[in-house]
Every structure is written in structure tokens, then in C-alpha cells.
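Structure assessment
Letter by letter, the chains look like this.
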Amino acid sequence: MRTRPLGPDAPAVSSIGFGGMPLSISGRPSEEQAIRTIHAALDAGATLIDTADVYCLDDNDLGHNERLIAKALGSWPGPRDHLIVATKGGLTRPGGRWERHGHPDHLRRACDRSLRALGVERIDLYQFHAPDSRVSFLESVGALAQLRTQGKVRWVGLSNVSVPEIEDASRLVPITTVQNRLSPFFREALRDGVVAHCAEQRIGFLAYSPVGGGRLNRKLPGHPVLRPIAERLGASTHAVTLAWVLAQGATVIPIPGSRTPEHARDAIAAADLPLAPEDLTAIDRAVFRTD
Ligand SMILES: NC(=O)c1ccc[n+]([C@@H]2O[C@H](COP(=O)([O-])OP(=O)(O)OC[C@H]3O[C@@H](n4cnc5c(N)ncnc54)[C@H](OP(=O)(O)O)[C@@H]3O)[C@@H](O)[C@H]2O)c1
């Protein structure tokens, strides 16, 4: 399995990780299938799993995905010492909606709840899910810095942030990772400089929704540019897409989600897919409609 450093102060992880969200939100599979899917990703060589307290149905179900991952890791026979589980705090799910909540008290409570849900004494990577305009960004980041000092968190990450926010946060606490959206459908992380900044600083860029998310990924198999590349390489269009995302920066680590073992295996295997420079250019230039 190819690896990439998770961050400047962290070890290497599989260059494609596994995103747990579809296993716990609306449309989720049975627990038995979800655990088989996580095991398939681990068997295929994934050593990074991304989760969040809010990957669940609503506020009564917080921690669903973290508990699921803890259960799957508990029954996985492989070696666990090199696995990194990354979770997040800073959102809530009232009535199933996604709302931001960056108050330090909330982050402290959320971290304690995540520690219990994951069944660990220290969270490997704790990410601030998204800046909350009602709370000073540095107050929120300060709460994560404190959690790190207390030993509840090993590494700190940010999500849904800009370059100035990464720079501001880095003055308070070492930032190991940044998790923003990146796929051929949504390339703002390339335009706003976040991917380049992370590469310069050796910060891991965890590319979320790398195949476009739950709805848009279904357009990939019929895509006129991806399909012939996939056919030539004997790969899926999803795998070609993930290989393109990987190629966008030296520290990019896509974290695709999936609800089936087959999709999980296919996604992780994309780490080894050789895309030629002309394939990358063709995908760069292609139109990916989001309607
Ligand atoms: N920080 C944030 O704000 C944020 C936001 C969104 C997501 N995330 C994280 O990023 C992860 C990934 O994002 P996402 O789940 O929104 O979108 P995604 O990974 O772009 O797409 C997920 C969907 O793509 C399908 N898929 C993936 N690989 C496939 C393959 N090789 N073949 C066929 N289908 C495939 C899966 O379908 P099936 O379900 O049918 O397998 C899955 O439901 C999440 O799980 C979560 O950990 C973070």
C-alpha cells in the first residue's frame, strides 16, 4: 500500500483513507454490512479512518459512527497499532439538520463524548469540523489546543477552512491536517490555495467527498472522459477519479466513503492506479456537471 505522511509531526498513513459517514447517516446499511465494509477497507490496506460525532441520524444518535468504528476495530483480526482514527467536533444534528457549534464548552464536551464512543483514552486526530461565525475561530481552536495539552488528543486538525485560518490556527497549535472538499466536481481547494499551502507546510490535506458525495458520484460511470480512461486501465471510473484527486498535491489523502465492501475495496485500490499525465490533463479540462 502506498503511503503519505499524515502531517509534519505524524506518521505515514495509506494514501487513500476511509470515510465513515455513509455508514451512519440516512440511508445507512445494517450494522453487519457496515462492519464488513470497514473490515474490507482495512483488509485492502487503509490505515486512516475518518469519522465524526455527528455522523448519525440526529442529536439522539450522536456517536453512532464512532461506536461502529470502535466495534469494527474490536473484531478486526489484523494489526491495529498503525491505524489512525480521526474524528471531529464542532457540529450538532438538531432534528437531523447540520448546525455549527464552535463554543469551547461544546468542543470539550464533544471530545469527552468521542473518547467514550471510540473507547480510547486519547483521540489520534481531533479535527475542528467547521468555523462557527458566532464564536471567534481562535477560541474554538484554543479549545483543541487545550485538549491536546491535556493529553486527550494526539494531533489537531481543521476542516472547512481557508489559508488565513490555517495560518492563524498554526500560531496557537501545530496543525497536522486540513480536511476540505475536493473532487473533479468541486475544485475550490485548488483555486483558494489550501491544497498548495498544505503541500508547502507538509500538512496532510484530507480530501472529503472525493468522488463527489452521495449524489454526484453516481454520474461518474457515464462520464465521457472518465469512462475510456477507466476501460483502458481496467479500473472503475470511481478509482480513476480518486487517482486524479491524489495527483492534485503531494500531501492529498482522499477519504472516500462507501456502504459496501466491494466499493471500499475498489476505492482503496485506486492508490495504485497509474494515471498518465495526459489522463490527468483530460480530467483537468473535462466538465463535471453538478446539477
Ligand atoms: N469535513 C466535512 O465537512 C466532511 C463533509 C462530507 C464528508 N466528509 C468525510 O469525507 C468522507 C467522504 O465523503 P462522502 O462520503 O460525502 O462522499 P464520497 O466519498 O465522495 O462519496 C461517497 C459515495 O460514493 C460511492 N463510492 C465511493 N467509492 C466508490 C467506488 N469505488 N465504487 C462505487 N461507488 C463508490 C459510495 O457509494 P455506496 O454508498 O453505494 O458504497 C459512497 O456512498 C465522508 O465519509 C466523511 O468521512 C467530511
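About the cut-offs
- Residues numbered from 1 in each chain as written.
- Predicted model: local features only at pLDDT ≥ 70, side-chain atom pairs only at ≥ 80, totals over all residues.
- Heavy atoms only, no water.
- Helix = DSSP H or I, 4+ residues; strand = E, 2+ residues; numbered from the N terminus.
- Buried < 20%, exposed > 50% of the residue type's maximum accessible area, 1.4 Å probe, protein only.
- Contact = heavy atoms within 4.5 Å.
- Polar contact = N/O pair within 3.5 Å; in protein donor to acceptor, adjacent residues only side chain to side chain.
- Pairing = 2+ DSSP bridges.
- Salt bridge = Lys/Arg side-chain N within 4 Å of Asp/Glu carboxyl O.
- Phe/Tyr/Trp six-rings, centres within 6.5 Å; stacked < 30°, edge-to-face > 60°.
- Lys NZ or Arg CZ within 6 Å of the ring centre and 35° of its normal.

With respect to the element layout, leucine 118 can be found in helix α3 (residues 104-118). By relative accessible area, which is 11% here, leucine 118 ends up buried. The contact partners of leucine 118, leaving out residues within four places of it in the chain, are Glu66, Ala70, Val85, Thr87 and Ile123.

With respect to the helices and strands, the residue serine 24 is situated in the loop between β3 (18-19) and α1 (31-43). A polar side-chain atom of serine 24 sits 2.8 Å from a polar atom in the side chain of asparagine 65. In this structure, serine 24 is in contact with Tyr55, Cys56, Leu57, Asp61, His64, Asn65 and Leu68, ignoring residues within four places of it in sequence.

With parallel pairing, eight strands are arranged side by side in an open sheet as β3-β4-β5-β8-β9-β10-β11-β12. Every interior strand has two partners, whereas the edge strands, β3 and β12 (252-254), have only one.

Evaluation of the coordinates by the stated rule reveals 16 salt bridges. Residue aspartate 61 pairs with arginine 28 through a salt bridge whose shortest N-O separation is 2.9 Å. Residue aspartate 61 is located in the loop between β4 (48-50) and α2 (64-74), and its partner arginine 28 is located in the loop between β3 and α1; the two are separated by 33 residues in the primary sequence. Arginine 289 is paired through a salt bridge with aspartate 291; the nearest N and O atoms lie 2.4 Å apart. Take arginine 289: its relative accessible area is 54%, and that puts it in the exposed class. A relative accessible area of 55% means that aspartate 291 is categorised as exposed. Connected through shared salt-bridge partners, Lys219, Arg289 and Asp291 make up one network.

Considering all chains together, one arrives at three aromatic pairs under this definition. Measuring from centroid to centroid gives 6.4 Å for tyrosine 55 and tryptophan 98, while their planes differ by 70°, and the two rings are edge-to-face. Of this pair, tyrosine 55 sits in the loop between β4 and α2 while tryptophan 98 sits in the loop between β6 (91-92) and β7 (99-100); the two residues are 43 residues apart in sequence, bridging distant segments of the chain. The partly exposed category is assigned to tryptophan 98, whose relative accessible area is 42%. Ring centres of phenylalanine 128 and phenylalanine 137 lie 6.2 Å apart, and the angle between their planes is 35°; on these two criteria the pair is classed as tilted. Geometry around tryptophan 98 places arginine 93 over its ring, the cationic atom sitting 3.6 Å from the centre. Residue placement shows arginine 181 over the ring face of phenylalanine 186; its charged tip is 3.7 Å from the ring centre.

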